[in-house]
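Remarks on the overall topology
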Amino acid sequence: MNNPILKVKNLSKKYQTLKEEILAIDNLNFEVNKGDFIAIVGSSGCGKSTLLNIISNLDYPSSGSVELAKDIKIGYMFQSDCLFPWLTIYENCLVGLKIQKMNTLENQDYVLKLLEKYKLLDFKDKYPSCLSGGMKQRVALIRTLAIKPDILLLDEAFNALDYQSRLAVSKDVYEIIKKERQTVIMVTHDLAEAISMASKVYVLSKRPCRIKKEIDIILDDPKDPISNRQDKKFMEYYDIIWKDLDVNV
């Protein structure tokens, strides 16, 4: 039996505007086990990013709770790479360590090893303006991995890239995640991305969001996000999830 490292229990979130109270999330429940790769999909504005913000403690629930196992650390990779243009690539990778007062020689060496491992060491003294969009996303991921998180949150992490770059970077990031044995919760509006990367997909309803369906993704021959789109079961999962999305055209 698995021991969950994260439990979302009866989670609800309300926002107060000048005119009314808005219920964004309504009684959400799910668990995350070590090694899970969970994708969360739903219509635009349904509360996906709000959920990640609450899990990462950037926002708070109106009721319910997010429970973490002991000593579990969260890493958050946002939609934008959020690199500081006046810092070098290496300095950008150290930002999280400095904020969390973890900027030890051992962790600095770990960052250099990650940069070398993922073919960015030659750029460590360059500035973000010298990098392609895909390379910036890899730097953003290394900065997040530098704090050695137990759970990695990805919020539309490839959204700013063109389609071809998005495919290539999702493959790079997927391979890094697998090599580093990361537990992942990914928010995405891209169903193909969710199915080709995740081991489980949660489909959320429109606001107030609830979990409409939980789908285990079991492909015949899983490899990487590009190859997985050719799997015989891929379109079956796509059709199932599409039918459950609350999309108004």
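Residues numbered from 1 in each chain as written. Predicted model: local features only at pLDDT ≥ 70, side-chain atom pairs only at ≥ 80, totals over all residues. Heavy atoms only, no water.

Turning our eyes to something else, we now look at the packing of aromatic side chains. Throughout the structure, instances matching the rule amount to four aromatic pairs. Pairing F37 with Y174 gives two aromatic rings, centres 6.4 Å apart and planes at 35°, and the pair type is tilted. Separated by 137 residues along the polypeptide, F37 in strand β3 (residues 37-41) and Y174 in helix α6 (residues 163-179) bring together distant segments of the chain. The pair formed by F37 and Y174 is uniform in burial state, with each residue classed as buried. Summarising the aromatic geometry, the rings of F234 and Y238 are spaced 6.3 Å apart at their centres and angled 40° between planes, so their arrangement reads as tilted. (Phe/Tyr/Trp six-rings, centres within 6.5 Å; stacked < 30°, edge-to-face > 60°. Helix = DSSP H or I, 4+ residues; strand = E, 2+ residues; numbered from the N terminus. Buried < 20%, exposed > 50% of the residue type's maximum accessible area, 1.4 Å probe, protein only.)

So, on to the environment of K126. Inspection of the secondary structure puts K126 in the loop between α4 (105-117) and α5 (133-145). C-alpha of K126 to C-alpha of L204: the two residues are 78 residues apart in sequence and 41 Å apart in space. Setting aside its immediate chain neighbours within four residues, K126 contacts L87, T88 and I89. (Contact = heavy atoms within 4.5 Å.)

A few words now on the nonpolar core. Core analysis: the largest hydrophobic core is formed by 52 residues, its most contacted members being F37, V41, V111, L115, L154, V201 and I241. Looking at this core element by element, the count peaks at six residues for α5. Of all hydrophobic cores here, the second largest spans 26 residues; its members include I5, I25, C46 and C209. (Core = buried A, V, L, I, M, F, W, Y, C linked by side-chain atoms within 4.5 Å.)

Here the focus is α4. Counted at 1.5 Å a residue, the expected span for α4 with its 13 residues is 18 Å, and the 18 Å between its end C-alpha atoms agrees. Buried within α4 are the following residues: N107, V111, L114 and L115. In an axial view of α4, the angular spread of the buried residues amounts to 100°, which keeps them on one side of the axis. Exposed side of α4, more than 90 degrees from the buried face: L105, E106, K113 and E116 are the residues found there. Packed against the buried residues of α4 are α2 (89-93), α3 (95-99) and α5. Looking one or two places after α4, you find K119, whose phi comes out positive at around 60°. (Expected span 1.5 Å × (residues − 1). Arc of directions from axis to C-beta.)

Applying the stated criterion to the full structure yields 16 salt bridges. Here K9 ties to E67 by a salt bridge, and the two come within 3.4 Å at their closest N and O atoms. You can see K9 sitting in strand β1 (residues 6-16) and its partner E67 sitting in strand β4 (residues 63-68), a full 58 residues away along the chain. K9 sits in the partly exposed class, given a relative accessible area of 34%. Judged by its relative accessible area of 34%, E67 is partly exposed. Between K124 and D125 there is a salt bridge, with the nearest N and O atoms lying 3.3 Å from each other. (Salt bridge = Lys/Arg side-chain N within 4 Å of Asp/Glu carboxyl O.)

On to the side chain of D59, then. Position of D59 relative to the elements: it lies in the loop between α1 (48-55) and β4. We classify D59 as buried; its relative accessible area is 17%. For D59, the side chain forms a polar contact with the side chain of K13, separated by 3.2 Å. Within the structure, the side chain of D59 is placed 3.0 Å from the side chain of Y15, a separation counted as a polar contact. Setting aside residues up to four positions removed in sequence, D59 forms contacts with K13, Y15, T50, N53 and I54. (Polar contact = N/O pair within 3.5 Å; in protein donor to acceptor, adjacent residues only side chain to side chain.)

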